[in-house]
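Descriptive analysis of the structure
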Amino acid sequence: MPSISQLRKEEQALHALLFTQAQYKNYIPVKSDSLLQIAEAYYRTSSDSLHKAWTLFYLAQYYRDSDEKEKALSYFQQANIASRNIENNQFKFLLNLHWANLLSDEDAENKGIEKYQTANKYAILLKDTLKQIDLYGQWGWCCLLTGKYDCADSLFNMGLKLSTSSKMTYYNYLLNCLSLTARERKDYKRALELVNRSLSLAKDSTELYPLWNNKGEILLEMNQYDSAHFYLSKDTRDYDPYFKATHYLNWSIYEEKIKNLPKALEYSKRYAELLDTIYQKRLESKVVNLQHKYDYSLIQSENKLLKIKRQRLYISLTAICMAVLTVAVIFFYKRREEKRKLAEQMRSKDDLMKEMRLQLQEKTIDLHAAQEKIIEKETALDKELSQREKMRSEYSSKEAAMRKEILRHSEIIRKMEQLNKMSQQDKIQSRSVVLSDEEQDNLAEVINICYNNFTDRLWKKFPTLTKADISLCCLIKIGISNSNMLYLLDTSKVALKKRKNRLKHDKMGMDENDSLDEFIMEF
């Protein structure tokens with residue numbers, strides 16, 4: 001793609017929105033809101049409600065991930081307002097689901113439940129079972145974290161009912177969630193039963209690691225130390241500092257329970273050190289974010305300065321326009337005064353015009369008398385022209401009859417009659433219908449006589465024509481069809497077509513869309 005600065009404002013905004021959306025969909029951290037600010041600046045005043053709503057939604061996501069919860073809640077509210085007039089159940093489901101998760105984190109439980117219920121309504125409208133299962137899973141997890149174990153149990157079970165097949169990914173996850181709820185209630189027997197069911201359905205290490213860790217913690221709380229050690233050891237996830245911290249905490253509890261206090265103290269220290277590292281990284285990340293925001297604020301300040309300069313320019317232009325308008329008004333009044341003076345002059349001239357009009361009327365009478373004489377002469381002339389037209393028509397009729405008579409005695413007519421009587425096989429085998437050179441010359445003379453020196457005029461206009469070309473033109477002139485020409489000229493269909501094309505393009509210089517036959521007939 002070209003640089004975003006090379007795009008139009010609408011394209012810049014759409015690029016910024018889609019790029020951010022792609023990052024979130026591929027779980028790539030969004031480190032700055034600069035792109036989304038471009039999109040927001042454009043869609044704030046745009047009539048495109050859907051893109052505006054998506055932009056506000058992703059701004060809410062960004063500020064939630066940046067721990068700016070108040071801003072995130074504000075943008076979720078704005079996205080909800082922007083989406084009121086759009087019919088997009090997919091967007092409204094995602095909006096209410098993420099909004100509910102944030103409200104639950106912020107201890108606004110009643111509002112969070114309301115948003116979860118709204119998200120569930122849109123998931124039902126979408127007829128998307130997976131979205132409903134995911135919703136119940138997240139909703140139940142929020143209840144589990146806030147100690148509402150009955151509510152969590154109910155939601156996880158509703159998700160399980162929708163996960164009708166144990167092959168579904170969510171089925172295994174929800175069993176583990178139910179196991180965690182039972183563990184929090186100290187119902188270790190049920191917790192162990194649920195986690196064992198989940199372990200029997202797990203297919204790969206990605207699913208097994210959290211289950212092994214959960215079972216190890218259950219067995220640790222049940223004081224079954226050997227079994228707890230076995231399962232805690234199986235969870236080897238160390239690619240994330242949070243997983244490492246959980247491991248150190250579990251092993252610290254384990255060593256303390258088996259009275260190995262030095263080892264427990266060592267794991268506790270590791271746990272504390274790792275927490276400090278995580279805190280330090282988060283602090284550094286916040287510093288980087290603050291730097292980004294500072295840089296962005298500088299850009300905004302520069303933009304404000306540019307805006308002020310632009311406003312000053314507008315003021316200057318307005319002043320110039322006002323000056324031009326003032327000059328225009330002065331010019332208008334001067335022009336109106338000139339028109340008034342001109343009107344007075346015109347009135348004085350009107351008197352002179354009246355006198356001239358009287359003289360004109362007298363001359364008009366004389367002109368009418370002259371016109372009547374002209375009309376009489378035109379009538380006599382029309383009568384004479386009519387007589388001449390009649391004579392010309394009679395001459396044309398006689399000329400056509402003479403031409404027909406001359407052609408009737410021509411050899412070409414005899415051969416055409418002969419061709420009409422012959423069968424197709426006879427036409428192919430007979431040589432008697434082929435025009436000789438002498439007959440072609442005679443034909444050219446006859447056509448020249450009958451059609452106002454046709455061949456002479458044709459040769460004069462196109463001096464490169466051969467006798468054979470003239471003969472072909474004569475056959476076209478008297479309306480001989482292509483099929484009969486084949487026998488009269490003893491040629492093939494392809495050769496005749498090439499001959500006509502060569503005559504048309506090379507010798508007469510005609511275009512592809514021009515018709516040779518029409519040209520010859522009208523020549």
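Throughout what follows, the structure given in this document is the object of discussion.

**What about the overall build of the chain?**
- Check the secondary structure of the chain and you find 22 helices and 0 strands.
- Counting over 523 residues, the chain shows a buried share of 34%.
- If you take every contact in the chain between residues at least 6 apart in sequence, the share linking residues at least 24 apart comes to 53%.

**Here's the deal with helix α3 (residues 49–65)**
- For α3, built from 17 residues, the straight-helix expectation of 24 Å at 1.5 Å per residue is met to within 8% by its first-to-last C-alpha distance of 24 Å.
- Buried within α3 we find Ala53, Trp54, Thr55, Leu56, Phe57, Tyr58, Leu59, Ala60, Gln61, Tyr62 and Tyr63.
- Directly beyond the C-terminal end of α3, a positive phi value near 65° is found at Asp67.

**Observations regarding unusual backbone geometry**
- Here Tyr27, not a glycine, exhibits a phi torsion of approximately 55°, which is positive.
- Residue position: Tyr27 is located in the loop between α1 (9–25) and α2 (34–43).
- The backbone phi angle of Asn453 is positive, close to 55°, even though this residue is not glycine.
- Assignment of secondary structure puts Asn453 in the loop between α17 (437–450) and α18 (454–461).
- Overall, the relative accessible area of 40% leaves Asn453 in the partly exposed class.

**Some remarks on the pattern of salt bridges**
- By the definition in use, this model includes 17 salt bridges.
- Of the charged contacts, one joins Glu68 and Lys71 as a salt bridge, the two residues approaching to 3.8 Å between their closest N and O atoms.
- Overall, the relative accessible area of 40% leaves Lys71 in the partly exposed class.
- Where salt bridges share partners, they join Arg8, Glu10 and Glu11 into one cluster.

**A look at the side chain of Asp153**
- With respect to the helices and strands, Asp153 occurs in helix α8 (residues 149–162).
- Among the polar contacts listed, one links the side chain of Asp153 to the side chain of Arg185, at a separation of 2.5 Å.
- Residues contacting Asp153, with those up to four places away along its chain left out, are Leu178, Thr181 and Arg185.

**Some points on a negative patch on the surface**
- Residues Asp437, Glu438, Asp441 and Glu445 make up a contiguous surface patch of negative charge.
- Within the secondary structure, Asp441 sits in helix α17.

**Describing the nonpolar core**
- Ranked by internal contacts, the top residues of the largest apolar core, which has 33 residues, are Phe454, Leu458, Leu475, Leu488 and Met508.
- At the level of secondary structure, the elements contributing two or more residues to this core comprise α15 (411–421), α17, α18, α19 (467–477), α20 (482–488), α21 (493–507) and α22 (516–522).
- The greatest single-element share of this core, amounting to 6 residues, is contributed by α19.
- Those residues in contact with Leu488, other than ones at most four positions away along the chain, are Ile412, Lys415, Met416, Leu419, Val433, Val434, Leu435, Leu475 and Ile480.
- Counting residues in each nonpolar core, the second largest holds 28 residues, with Tyr24, Ala60, Tyr62 and Ala82 among its members.

Rules used in this analysis
Residues numbered from 1 in each chain as written. Predicted model: local features only at pLDDT ≥ 70, side-chain atom pairs only at ≥ 80, totals over all residues. Heavy atoms only, no water. Helix = DSSP H or I, 4+ residues; strand = E, 2+ residues; numbered from the N terminus. Buried < 20%, exposed > 50% of the residue type's maximum accessible area, 1.4 Å probe, protein only. Contact = heavy atoms within 4.5 Å. Expected span 1.5 Å × (residues − 1). Salt bridge = Lys/Arg side-chain N within 4 Å of Asp/Glu carboxyl O. Polar contact = N/O pair within 3.5 Å; in protein donor to acceptor, adjacent residues only side chain to side chain. Patch = residues over 30% accessible without salt bridge, like charges linked within 9 Å, V, L, I, M, F, W, Y side chains within 5 Å. Areas by Shrake-Rupley, 256 points an atom, 1.4 Å probe, with all protein chains shown as cover. Lys, Arg positive; Asp, Glu negative; His and termini not counted. Charge placed at Lys NZ, Arg CZ, Asp CG, Glu CD. Core = buried A, V, L, I, M, F, W, Y, C linked by side-chain atoms within 4.5 Å.

On their own, these measurements won't tell you what the molecule is for.
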